[in-house]
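Overview (structure and organization)
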Amino acid sequence: MKLTHVLALVASSFFTFSANAQTVIKINEATDGNGRYAMAMVNLALSKVSHKYKLQIDSSVVTQARNIDDVATGRADLLWAATNQEMEDKLLPIRICLYKGLLGHRIFIINPASQPRFEQVKTFDDLKKFTFGQGTTWADSGILESNGLTVVKANKYQSLFYMVDGGRFDAFPRGVQEPWQELETNAKLPLTVEKHIMLVYRMPFYLFTGKQNKQLAADLELGLNRAIADGSFDNIFYKDPMVQAVLEKANLEGRLVFNLKNPTLPKETPLDRPELWLDIKNLRQPTAAAEVEPLPQQ
């Protein structure tokens, strides 16, 4: 065989291999309530780009702090979390909020015996008499504390359900789309969703890669932007059972709303892109929605 033919075959084999090659993305299997939805958005984004990726899922139970460290050092490649400046200093954010800002609308998981006390809340000073459970590394902890609320922290997400059940704190604030699925998962605990109050603040929920993983971050951003443009992002969002539970169960129109400031919001947050953010007043589109009038913080 002529040398030119050999070289052509080698080159052909190389390009065939390259075309079929897959980059492995190492992900720790999420133990929080957002994992299923976040993975749907990851798969959607990757389906919109030409590079082929293969997901390698690790089911080991780790804290969020460990997961952040693993992604920062390259032992893992991807995680999802609410953002703050500390997170964005450690990791590379894909600044497209997976929940369109819905995560910043917070209602509480409580022990049912506490509901009468919450019914008595009229002002923000009244609310300051309660204690709130959060994860140690969660961005929400700093937001609540900076607004004068008392926060009790735990390293493990699952511990927070047992702690609110046991009276270690009064309420476990969750994004409005989260608590019903979480209560099903923790059905052995006699917990419920508080009926009266909602906190609102800007809380983007992003995918994050390590600083060194720029190609994956670029592909995820490209894929998500393409999904927004073709409508498939909103299709997943509005059809998700967690979002549908908001429409059916959260009683947004009937809640007392307190607007909080988020001093941890990074200045790079793309607030100038309205297509990335949900207008809570239009959540029921195309059906007309009653307007939720935010009450002034007392």
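Our subject is the structure that appears above.
All of the points below concern the structure found in this document.

How each quantity is defined
- Residues numbered from 1 in each chain as written.
- Predicted model: local features only at pLDDT ≥ 70, side-chain atom pairs only at ≥ 80, totals over all residues.
- Heavy atoms only, no water.
- Axes fitted to C-alpha atoms, helices over the stretch in contact; angles between N-to-C directions.
- Helix = DSSP H or I, 4+ residues; strand = E, 2+ residues; numbered from the N terminus.
- Parallel < 35°, antiparallel > 145°, perpendicular 65-115°, else oblique.
- Contact = heavy atoms within 4.5 Å.
- Nonpolar A, V, L, I, M, F, W, Y, C, P; charged D, E, K, R; others polar.
- Left-handed = near helix turned anticlockwise from the far one by under 90°.
- Pairing = 2+ DSSP bridges.

It is worth spelling out the packing of helix 2 (residues 35–47) against helix 10 (residues 214–230) at this point. Helix 10 packs onto helix 2 with a crossing angle of 90° between their chain directions and a minimal axis gap of 7 Å. It follows from the interaxial angle that helix 2 and helix 10 lie roughly perpendicular. Seen from helix 2, the contacting residues are Met41, Leu44, Ala45 and Leu46; seen from helix 10, they are Leu220, Gly223, Leu224 and Ala227. For the contact of helix 2 with helix 10, the class distribution of residues is seven nonpolar, one polar and no charged.

Taken N-terminus to C-terminus, the directions of helix 2 and helix 11 (residues 232–239) make an angle of 165°; their axes are 11 Å apart at the nearest point. In terms of axis orientation, helix 2 runs roughly antiparallel to helix 11. Between helix 2 and helix 11 the crossing geometry is right-handed. Facing Tyr37, Ala40, Met41 and Leu44 of helix 2, the residues of helix 11 in contact are Ser232, Phe233, Ile236 and Phe237. Looking at the contact of helix 2 with helix 11 residue by residue, the class counts come to seven nonpolar, one polar and no charged.

Pairing is antiparallel across the open sheet formed by three strands, whose spatial order is 3-11-4. Looking at which strands have only one partner, the edges of the open sheet turn out to be strand 3 (79–82) and strand 4 (92–94). Strand after strand, the sheet turns through a mean of 40° between neighbouring axes, direction not considered. Against the sheet, helix 3 (residues 64–73) contacts strand 3 and strand 11 (205–209), and its axis sits at roughly 125° relative to strand 3. Lying over the sheet, helix 10 contacts strand 4 and strand 11, oriented at roughly 15° with respect to strand 4.

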